[in-house]
Amino acid sequence: MSTAPDDDVKEENIVSPRLALLLAAAMFVLVVDTSLMNVSISAVIKDLHTTASGVQSAIALEALVSAAFILINSKMGDLMGRKRAYVIGLLAYAVGALAMTVAQSLTAIIIFWAIIGGLGASLLLPAMQSLIHGNFKGPAQKRAYALVGASAAIAAAVGPLLGGFLTTYLSWRVGFGLEVVVILVVLSQIRLVKDVPYTGPRQIDFVGAVLSVAGMGGVVLGILVWQEGGDYVGLLIGIGAVTLVALAFWLVRRKRRGKPTLLDPDLFKHLNFRIGISQQTLQQITLGGAMIVLPLFLQMTLEYNAMQAGLSLAPLSLSMFGMAMLAGRKAGKRRPAHIVMAGFGLSTAGMAAIIPLVPSVDSGWYLVIPLLITGSGLGLLVSQLNNFTLAPTAEERVSEAAGVNSAGGSFGLSFGLAMAGGIMLWALALSFTHLTETSTVIPPAQQQQISAHLEHDAEVMSNTQLQQQIAGEPPAVEAEILAINTDARNRSLQVALLVPAIASLIGLGNSFRMLRLPDITPAADTEGVGLG
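Predicted model, so just to flag it, every value in this text is computed and none were measured.

S.K.: Can you break down the overall build of the chain residue by residue, with the values?
M.R.: Counting its secondary structure elements, the chain contains 17 helices and 0 strands. Radius of gyration (C-alpha) of the chain: 24 Å, near the 24 Å computed for a compact globule of 532 residues. Counting only C-alpha atoms, the chain reaches 90 × 50 × 45 Å along its principal axes. Relative to its full complement of 532 residues, the chain shows a buried share of 57%. Working note: accessible area of the chain is about 22,400 Å², and carbon and sulfur atoms make up 65% of it. Side chains of the chain give 32 positive and 32 negative charges; the mean places of these two sets differ by 14 Å.

S.K.: Summarise the pattern of salt bridges; cite the residues concerned and give the values.
M.R.: As enumerated under the stated definition, the model contains 4 salt bridges in all. The salt bridge involving Asp205 is made with Arg254; its shortest N-O contact spans 3.7 Å. Highlighted residues: Asp205 in the loop between α7 (172-188) and α8 (206-227) and Arg254 in helix α9 (residues 233-256), separated in sequence by 49 residues. Sharing partners across several salt bridges, the network here consists of Lys255, Asp264, Asp266 and Lys269.

S.K.: Before we move on, can you summarise unusual backbone geometry with the specific residues and values?
M.R.: The backbone of His49 shows a phi angle near 55°, a positive value even though the residue is not glycine. Within the element layout of this structure, His49 appears in the loop between α2 (41-48) and α3 (52-80). Of note in this structure, Glu303 is not a glycine but carries a positive phi near 55°. Of the residues examined, Glu303 reaches a relative accessible area of 36% and is grouped as partly exposed.

S.K.: Residues and numbers for helix α12 (residues 336-354), please.
M.R.: Helix length check: α12, at 19 residues, gives a terminal C-alpha distance of 27 Å against a target of 27 Å (1.5 Å per residue), a fit within 8%. Taken together, the buried positions of α12 are Ala337, Ile339, Val340, Met341, Gly343, Phe344, Ser347, Thr348, Gly350, Met351 and Ile354. In this structure, the buried residues of α12 make contact with α10 (271-301), α13 (368-390) and α17 (475-515).

S.K.: Please set out helix α6 (residues 138-169) residue by residue, giving values where relevant.
M.R.: Taking 1.5 Å as the rise per residue, α6 with 32 residues should run 46 Å; its terminal C-alpha atoms sit 45 Å apart, in good agreement. At Val158, α6 is deflected by roughly 50°, the largest bend along its length, and proline Pro160 occurs up to four residues later in sequence.

S.K.: For the environment of Gln494, give the residues involved together with the corresponding values.
M.R.: Residue placement: Gln494 occurs in helix α17. Linking Gln494 and Leu357, residues 137 residues apart in sequence, is a C-alpha distance of 8.9 Å. Residues within four places of Gln494 in sequence aside, it is in contact with Ile355, Pro356, Val358 and Pro359.

S.K.: Could you give an account of the packing of aromatic side chains, with specific residues and numbers?
M.R.: Scanning the entire structure with this criterion turns up 4 aromatic pairs. Centre to centre, the rings of Trp172 and Phe176 are 6.3 Å apart; their planes meet at 80°, and the pair counts as edge-to-face. Here Trp172 and its partner Phe176 are both found in helix α7, 4 residues apart, which amounts to about one turn of the helix. The burial state of Trp172 is the same as that of Phe176; both residues are buried. Pairing Phe411 with Phe415 gives two aromatic rings, centres 6.1 Å apart and planes at 35°, and the pair type is tilted. With Phe411 and Phe415 both in helix α14 (residues 398-437) and 4 residues apart, this pair spans about one turn of that helix.

S.K.: How would you summarise the side chain of Asn485 if you had to cite specific residues and measurements?
M.R.: Tracing the backbone through its elements, the reader meets Asn485 in helix α17. Among all residues touching Asn485, those that are not within four sequence positions of it are Phe432, Met461, Ser462, Asn463 and Leu466.

S.K.: Describe in detail the environment of Ala241, supporting the description with residues and values.
M.R.: When you line up the elements, Ala241 lands in helix α9. Counting along the chain gives 68 residues from Ala241 to Arg173, while the straight-line C-alpha distance between them is 37 Å.

Definitions and limits used
- Residues numbered from 1 in each chain as written.
- Predicted model: local features only at pLDDT ≥ 70, side-chain atom pairs only at ≥ 80, totals over all residues.
- Heavy atoms only, no water.
- Helix = DSSP H or I, 4+ residues; strand = E, 2+ residues; numbered from the N terminus.
- Rg over C-alpha atoms; globule rule 2.2 N^0.38 Å.
- Buried < 20%, exposed > 50% of the residue type's maximum accessible area, 1.4 Å probe, protein only.
- Areas by Shrake-Rupley, 256 points an atom, 1.4 Å probe, with all protein chains shown as cover.
- Lys, Arg positive; Asp, Glu negative; His and termini not counted.
- Charge placed at Lys NZ, Arg CZ, Asp CG, Glu CD.
- Salt bridge = Lys/Arg side-chain N within 4 Å of Asp/Glu carboxyl O.
- Expected span 1.5 Å × (residues − 1).
- Contact = heavy atoms within 4.5 Å.
- Bend = angle between axes of the 7 residues up to and from the residue.
- Phe/Tyr/Trp six-rings, centres within 6.5 Å; stacked < 30°, edge-to-face > 60°.

Right, dumping it as C-alpha cells:
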C-alpha cells in the first residue's frame, strides 16, 4: 500500500506527455486543414469541375462558421461537458475531412467541410483549452500549452509544403484522409482525458447567441453573396452590422439586470483589450487576404502546380513561424507596442512590395524577399498580441476573454478571405469588360456577349484553361482574349492585395495608440490560452 502514491506519480508522468502529444496532434490537424485547401485550389477546381470563387467561398465560410459559433459553443461545451464537447468537435471535424476524400461537388464541401467542420472547430477549440487547464498542473501545464501552441505554429509553417507535396505527387484528397487517421488515433486514446467539471451558471443567453451568429454571419455572407454575383448584398451586410450593434446593447442591458450574458461586456472596458482585439482582427484580415490571393496568383498566373505553389509560399509561413519563436524568447524588456508596430510595419511593407510585382514577374523567386518581410512582420504580431490583449484580464475571466480573442481572429480571417476574393472578382469583371469593349480586334457582337457573361460569371482563370474554352476562335481573336485575360487577372489580383495591405496599414496606425497605453503585467498566466 505504501507504494501507491509513487505508482500514481509514475503513471501521471507517463500519461501527461502522451496526452499532451495527442492534444497537439488535434491542434495540428485544425491548423493544417486550411493550408491544404489553399495550395490545392487549382486541383480541387479541376477535379470537381467548379470555380475558384466557389472554393474561395467554402474556405471563407469554414472560418466564418468557426468564428460565429465559437462563443455559444464554448458555453455549450461547459454545459454538456468539456470532454464530450472535445469528442463531438473531433468527430465533426473528421466528418468534414472524410467528406473531402470522397466529395464530387462543391455543395458537399460546403455542407460537410465548411459548415459541419467549422462547427466542430468552434466546439473543439474552447474545450481543448479547458481540458489542458484541467488535466495538467504546474510545469506540466505550461509544457502542454507550449507543445500545443508549437504544434499550431509548425502546422502553419509546413502546411503549404505538405499540402503541395501531397497534391502534386498523390492527390489533394490524401491530405484530408490523413487528417481522419490522426483524429481516429487521438480518439482511440480519449480515455487519457479527464473531464473538467463546470461550476458556473447554467443559463444560456440564447438571444445573445443568435445576435452574435447573425451579426458576424450577415457581414461575411453578404460579401460572399456579392462575390458570387447574388442579390441583396447591401441588405445582408446592413443586417449584420445592425445586429452587431444590437448585440452590444443587449449584452450591456442584460448585464445591468444581473442575468448571464453570452460574454461579459465589462471585458471591453479595458482599452488594452479593445485595441488588442482590433489588432488581432486586422492581423488575421492581412493573413486571410494574402493566403487567398497569393495561391491564386501562383496557380493561375504563373500556372504553378500545388508543390511549386507550396514552395513559393514557404518563405511567408516559415519566416512567420521562425520570427514568432524568436521574438517570443528574445523580446526581453522591449515594449509589446513597439514589437507590434514593427510587425505591422513589416507586413505593410511586404504586401506593398508584392503588388507591383504581380504583372511583371514570371517566377515565384521574385516574391521571396517580400514574403520573408511579410512573414516576419506577422510572426512579430503572433508573438505579442495574445499576451497584450489578455493582460488586463483577471484569472477567473481569462478563458472567456480568450474566447472573444479567438472569435475576433476567426472573424478577421473569414472577412479577409471573403473581402479579398470579392474585390478580386469585381475588379476582374470590371477590367475584362472595359478591355473587351475597347478592343479593336474582337468583333462588336462578341464584345457584348463577353461583357454580359462577365457581369454574371466572373472567374479567375489561367490562360491554359481559357484557351481550351475559346478553341476555334480566329487566331487574332484568341490571342486578344488571352492578352485581355492576362491584364484583367493581374489587375484584379493587385486590387485584391490591397485588402491585406490596407489592413496592415490600419494596424500600423493603431500601434501608435498602443504606444500611449501603459504596459500591463498579466493578471493571469496567459501562456497558451489563445490557441484558436
